[in-house]
Amino acid sequence: MIAIPSMRPILILALLAGAAVSTPPARAQSAAAEGQKIAFDRGKGNCLTCHDIRGGDLPGTIGPQLKDIKSKYPDRNDLVAIVTDETKRNPQTVMPPFGRNRILSEQEINAVVDFLQTL
Amino acid sequence: MIMRLAISFVSAALVLAALAAQPAIAADTPNPVADAKAFQKFFTNKFPQLKPEDFANGPYSMNEDLHRQWEEKEQFPPYEFALETGKQMFATPFKNGKTYGDCFPNQGIGIRQDYPYFDEREGKVITLELALNRCREANGELPFSYVKDEMASLTAYMAFTSRGKPFDIKIPDDPRALEAYQKGKEYFYTRRGQLNFSCATCHVQEPGERIRAEILAPALGILNAMPIYRSEWSGMGTISRRFTTCNSQIRGVPLSPQDEEYRDLEYYLSYVSNGLPISGPGARP
């Protein structure tokens, strides 16, 4: 957490003050940062292979650009479903079933979805 | 975006209908003639601006900028060295005095378009790479690695002497030949590996799209330019090298080079490109 540069001083203060008390915004933010790492990591999500995503280099063009995701999919369960196994929605999709094939764990998928909701 | 999605759904549906599954038909009689026709039509419809022979240029046929790069590269082709080496190897006798030419029809010149062929005596698909190693072994020499430079040099030279000749793969009237073809086709369309990709996922559904920085080649004509020099490899690659690399990329376990399934796959892929000219050796980004 300390390593995250973008964290605003206020949050850090809050963290320092109530160390034991969980602070939802901070947690969400750190999960999103973790999710971004997983999404960009070539050995993990490697989502950039197919999707243009803000902040990532050398995106592919196979999938749609990932933006305004929160307005398009207000229900995070929809996103979890897409990342877990998009072949359920579209049997012909080229998107790998990250959950079904255990490419990502449930926890990792949750982090990726937190990240998607920031886009 | 919606447009793109719509297009890719339509094309996926087309692919399914025209090429893949066909459960009812596949179960009875495979029909290679109809397959090849539907296969070629799928690609020429998808890329109406391309002439059939353009497809043999792989990713370079898919994009203007890349095409310009290709033309520049062809002025000083990076496969030149392999070609020279291959020519020399071809002319140099084995220890027993025989040469590669002695193992092949027409002394091995201008015959690339006939490979792979189905050998009715053995009941197997024989690729050019396999035939070359068999030639070596029959003459008391050790076989070459299927994925290294020597094999690439030999096949580069043999492709070069066959440039412009259309692929002419035959399926003899032998149920085993048809079965080999059908198995190759199934391999091509079967999804596998942790990432759940088939060969067709990338080379039929997504040709012309970028996967990271690489532009995907269309499956039509995909073997015509082999072997290829790839800047990314800083070296030459045989068909065997390309197949095993594509399998590893999808976190699958590649078969060993020249495994029966790969030979059947090569048979299928070459057959459906019948009529397109040999253009190898090729150069790639």
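Here the structure is shown first, and the text comes after it.
Structural notes, computed from the coordinates. Because the structure is predicted, anything quoted here is derived from the model rather than measured. (Residues numbered from 1 in each chain as written. Chains lettered and ligands numbered in written order. Predicted model: local features only at pLDDT ≥ 70, side-chain atom pairs only at ≥ 80, totals over all residues. Heavy atoms only, no water.)

Quick look at the overall build of chain B
Piece 1. What chain B contains, in helices and strands, is 11 helices and 7 strands.
Piece 2. Its C-alpha radius of gyration of 19 Å places chain B within 12% of the 19 Å reference for a compact globule of 285 residues.
Piece 3. For the C-alpha atoms alone, the extent of chain B along its principal axes is close to 65 × 45 × 35 Å.
Piece 4. Each of the 285 residues in chain B was classed as buried or not, and the buried ones make up 53%.
Piece 5. Looking at chain B alone, contacts between residues at least 24 apart form 69% of all its contacts between residues at least 6 apart.
Piece 6. Summing over all exposed atoms, chain B offers an accessible surface of approximately 13,000 Å²; the carbon and sulfur share of this is 57%. (Helix = DSSP H or I, 4+ residues; strand = E, 2+ residues; numbered from the N terminus. Rg over C-alpha atoms; globule rule 2.2 N^0.38 Å. Buried < 20%, exposed > 50% of the residue type's maximum accessible area, 1.4 Å probe, protein only. Contact = heavy atoms within 4.5 Å. Areas by Shrake-Rupley, 256 points an atom, 1.4 Å probe, with all protein chains shown as cover.)

Regarding the nonpolar core
Piece 1. Formed by 43 residues in total, the largest nonpolar core has its most connected members in Phe39(B), Phe43(B), Phe188(B), Tyr267(B) and Tyr268(B).
Piece 2. Listed by contribution, the elements that provide at least two residues to this core are helix 3 (32-46), helix 4 (64-75), helix 8 (175-189), helix 9 (199-203), helix 10 (239-249) and helix 11 (260-271) of chain B.
Piece 3. Each of domain 1 (2-77 + 171-284) and domain 2 (80-160) of chain B accounts for three or more of the residues forming this core.
Piece 4. Not counting chain neighbours up to four residues away, the residues in contact with Phe188(B) comprise Ser198(B), Cys199(B), Ala200(B), Val204(B), Ala219(B), Leu265(B), Tyr268(B) and Leu269(B).
Piece 5. One finds Leu79(A), Leu104(A), Leu119(A) and Leu216(B) within the second-largest nonpolar core, a separate group that totals 32 residues. (Core = buried A, V, L, I, M, F, W, Y, C linked by side-chain atoms within 4.5 Å. Domains from an automatic or database assignment.)

Describing the state of the cysteines
Piece 1. A full pass over the atoms with the stated rule returns 1 disulfide over all chains.
Piece 2. Not engaged in a disulfide, the cysteine Cys50(A) finds its nearest cysteine sulfur in Cys202(B); these two sulfurs lie 7.9 Å apart.
Piece 3. Note on Cys50(A): relative accessible area 14%, which makes it buried. (Disulfide = S-S within 2.5 Å.)

Section: the side chain of His51(A)
Residue and element names in this part refer to chain A.
Piece 1. Tracing the backbone shows His 51 in the loop between helix 2 (24-40) and helix 3 (69-72).
Piece 2. Judged by its relative accessible area of 11%, His 51 falls in the buried class.
Piece 3. At 2.6 Å, the side chain of His 51 and the backbone oxygen of Pro 64 are in polar contact.
Piece 4. Beyond its immediate chain neighbours, meaning those up to four positions away, His 51 contacts Pro 59, Gly 60, Gly 63, Pro 64, Leu 66 and Met 95. (Polar contact = N/O pair within 3.5 Å; in protein donor to acceptor, adjacent residues only side chain to side chain.)

Quick notes on the pattern of salt bridges
Residues and elements named next belong to chain B.
Piece 1. Inspection of every chain in the model, using the stated rule, returns 15 salt bridges over all chains.
Piece 2. The partner of Glu 141 in a salt bridge is Lys 95, with the nearest N and O atoms 3.3 Å apart. Residue Glu 141 is found in the loop between helix 6 (128-138) and helix 7 (149-160), and its partner Lys 95 is found in the loop between helix 5 (80-91) and strand 1 (117-119); the two are separated by 46 residues along the sequence.
Piece 3. Accessibility expressed as a relative area gives 14% for Glu 141, which makes it buried.
Piece 4. Given a relative accessible area of 73%, Lys 95 falls into the exposed group.
Piece 5. Among the salt bridges present, the one from Glu 214 reaches Arg 230, with a minimum N-O distance of 2.5 Å. (Salt bridge = Lys/Arg side-chain N within 4 Å of Asp/Glu carboxyl O.)

Distances and angles like these do not, on their own, reveal function.
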